[in-house]
Amino acid sequence: MEKPTTRWTRKRPAAVLAALLCLFTGTASASAATWFTSPAGSDGDGMGTEVSPWQTLGKAIASAAPGDVIKVMDDGVETTDDYVENVVIPEALEGLTVERYDSDDTKPHIKSTDPYLTVITVEADGVTLKGLEINGADWTEGILFATGTTDGLVHQCSSGAGGQKNKEFVRMAAGSSNHTVSQCEIIGSGNYAIWIQGENGEESNHIIDSCNTHNSFAAVAVEGASAVQILELTSWNNTYGLKISDGGDHIILGNTFDNVQNYVIGLSMSDFNLVADNEVFNSSLGLSISNAHYSVFANNLFEMSSGTGASLEGGGYNVFYTNFVYGANKAVTTQQGGSSFFTNNIFSNCGSEGMSLGAGGNLVAFNIFDDNGGAGISTSSLANTIV
């Protein structure tokens, strides 16, 4: 006789199984809570609610649990420092979100108590900071993602209001990974607007996306880290654009630079990069490549006021394809290294040569040289192949 099928073995609802799993593994968690802070609140009498908020971020962070949300109110006055404090988001608060309360014209301003102290130090994974104005760390970073942290997000935050600044807006320490900085407005950083650190070319997978940086020493610096994506950045009136060294596998795509005083994109000891669809205006040196190899430079526009479109010193085996250099003194210069491939580029209205090849082993093919002041190509090496 066939054994009867019980109701339990027929259905086994997923929700019941999940509940049993949580019961036996101890992984059940309460729903995330939402807390509120306001400059007009009280840490003593407040309850952390919308109608009875706390006064400081420190109180809210000390009261929060992993995955909670802290809504940060402001006083509605753009020039006021709403919170003057330095806070640490400890390792235990994984998944914490700290974000502006509303979407009006003013952001909550958070200022360091001391120009040598970081405003917000993140020691937890998965932390989101959204819609905050961070200032007052004149001699250090406004936001620090500590070593070992991962999956953080800084979104629609800013610095530089009212002439205040940080030395760096965000610093990602060596050993951190997978952090994203997106849609941020960064003004007047004393050093780098965004500083990404690494060791020995470690893979970091950080992403810089759709940020504006201006009036800083440099827009982005990447030192010793690999696999960074810099996307749709707008940078103007900076001393340098991108300073990238001792790493590789970067994607630099769709960025716009204007009035950069020194080089716009600098690659030193950095291999296997993709640099494409970038636009450079009114700057003196578009690309500065030093001992960099196996990278692709494609579809970039260099509309120069003078100077050089791309300068290669050392390195080699790079590909320059479909770039347009206009108005430079020289479109491309090479010194040492060599063995790169230049094809289908347009070099126009350059004051001197289109290309000055001081290194050998290059293949130059099917480029267009238009209305340049000197020779299309000058070379001091017979080892170049020119088609």
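For the structure itself, look to the data block above.
Scoring rules and cut-offs
Residues numbered from 1 in each chain as written. Predicted model: local features only at pLDDT ≥ 70, side-chain atom pairs only at ≥ 80, totals over all residues. Heavy atoms only, no water. Patch = residues over 30% accessible without salt bridge, like charges linked within 9 Å, V, L, I, M, F, W, Y side chains within 5 Å. Areas by Shrake-Rupley, 256 points an atom, 1.4 Å probe, with all protein chains shown as cover. Salt bridge = Lys/Arg side-chain N within 4 Å of Asp/Glu carboxyl O. Helix = DSSP H or I, 4+ residues; strand = E, 2+ residues; numbered from the N terminus. 1 Å grid on protein atoms, 1.4 Å probe; cavity = no way out; pocket = protein on both sides within 12 Å on 5 of 7 lines; lining within 4 Å. Points joined across faces, edges and corners; volume = space filled by probe spheres on them. Nonpolar A, V, L, I, M, F, W, Y, C, P; charged D, E, K, R; others polar. Buried < 20%, exposed > 50% of the residue type's maximum accessible area, 1.4 Å probe, protein only. Disulfide = S-S within 2.5 Å. Phe/Tyr/Trp six-rings, centres within 6.5 Å; stacked < 30°, edge-to-face > 60°. Lys NZ or Arg CZ within 6 Å of the ring centre and 35° of its normal.

## Comments concerning a nonpolar patch on the surface
Then step 1. A surface patch of nonpolar side chains, amounting to about 320 Å² of accessible area, comprises Phe324, Tyr326, Ile346 and Ile368.
Then step 2. Within the secondary structure, Phe324 is located in strand S33 (residues 324-326).

## Things to note about empty space enclosed by the protein
With a probe scaled to a water molecule rolled over the atoms, the places where space remains empty come into view.
Then step 1. With the rule as written, the count across this model stands at three cavities of 30 Å³ or more.
Then step 2. Estimates place the volume of the largest cavity at around 60 Å³.
Then step 3. Along the walls of the largest cavity sit Leu287, Phe302, Gly309, Ala310, Phe320, Asn323, Val325, Ala331, Val332, Asn345 and Phe347, which together make up its complete lining.
Then step 4. Put simply, the parts of the chain that give the lining of the largest cavity at least two residues each are strand S31 (308-313) and strand S34 (330-335).
Then step 5. In the lining of the largest cavity, the residues fall into eight nonpolar, three polar and no charged.
Then step 6. Computed from the structure, the second largest cavity encloses a volume of approximately 40 Å³.
Then step 7. Lining of the second largest cavity is provided by Leu57, Ala60, Ile61, Ile70, Val87, Val98, Ile120 and Leu129.
Then step 8. A total of three residues in the lining of the second largest cavity trace back to one element, the largest contributor, which is helix H3 (residues 57-63).
Then step 9. By residue class, the composition of the lining of the second largest cavity is eight nonpolar, no polar and no charged.

## Some points on the pattern of salt bridges
Then step 1. Tallied over the full model, the rule gives five salt bridges.
Then step 2. Note that Glu99 and Lys71 form a salt bridge whose closest N and O atoms lie 2.5 Å from each other. Of this pair, Glu99 sits in strand S5 (residues 97-100) while Lys71 sits in strand S2 (residues 69-72), and the two are 28 residues apart along the sequence.
Then step 3. The partner of Asp81 in a salt bridge is Lys111, with the nearest N and O atoms 3.8 Å apart. Here Asp81, found in the loop between S2 and strand S3 (83-84), pairs with Lys111, found in strand S6 (residues 109-111); they are 30 residues apart in sequence, far enough to count as distant.
Then step 4. Residue Lys111 is classed as partly exposed on the basis of its relative accessible area, which comes to 27%.

## Focus on the state of the cysteines
Then step 1. Counted according to the given criterion, the structure contains zero disulfides.
Then step 2. No disulfide involves Cys157; its sulfur sits 5.1 Å from the nearest other cysteine sulfur, which is in Cys184.
Then step 3. Cys184 takes part in no disulfide bond, and the closest cysteine sulfur, belonging to Cys211, lies 4.6 Å away.
Then step 4. Classification of Cys184 as buried rests on a relative accessible area of 2%.

## Focus on the packing of aromatic side chains
Then step 1. This structure, assessed with the given rule, holds 13 aromatic pairs.
Then step 2. With a centroid separation of 5.1 Å and an interplanar angle of 10 degrees, the aromatic rings of Phe272 and Tyr294 are classed as stacked. Of this pair, Phe272 sits in the loop between strand S25 (263-271) and strand S26 (274-276) while Tyr294 sits in the loop between strand S28 (285-290) and strand S29 (296-298), placing them 22 residues apart in sequence.
Then step 3. Given the relative accessible area of 49%, Phe272 is considered partly exposed.
Then step 4. The class of Tyr294 is partly exposed, set by a relative accessible area of 42%.
Then step 5. The interplanar angle of 50 degrees and the centroid separation of 5.4 Å between the aromatic rings of Phe347 and Phe369 together place this pair among those described as tilted. Taken together, the positions of Phe347 in strand S36 (residues 346-348) and Phe369 in strand S39 (residues 368-370) put the pair 22 residues apart, joining distant regions of the chain.
Then step 6. On the basis of relative accessibility, which here comes to 2%, the residue Phe347 falls in the buried class.
Then step 7. By relative accessible area, Phe369 is classed as partly exposed at 29%.
Then step 8. A network of ring pairs unites the aromatic residues Tyr192, Trp195, Phe217, Tyr240 and Tyr263 as a single cluster.
Then step 9. Sitting above the plane of the Trp195 ring, Arg171 keeps its charged end 5.9 Å from the centroid.
Then step 10. Directly above the ring of Tyr240 sits Lys243, whose terminal nitrogen or CZ lies 4.1 Å from the centroid.

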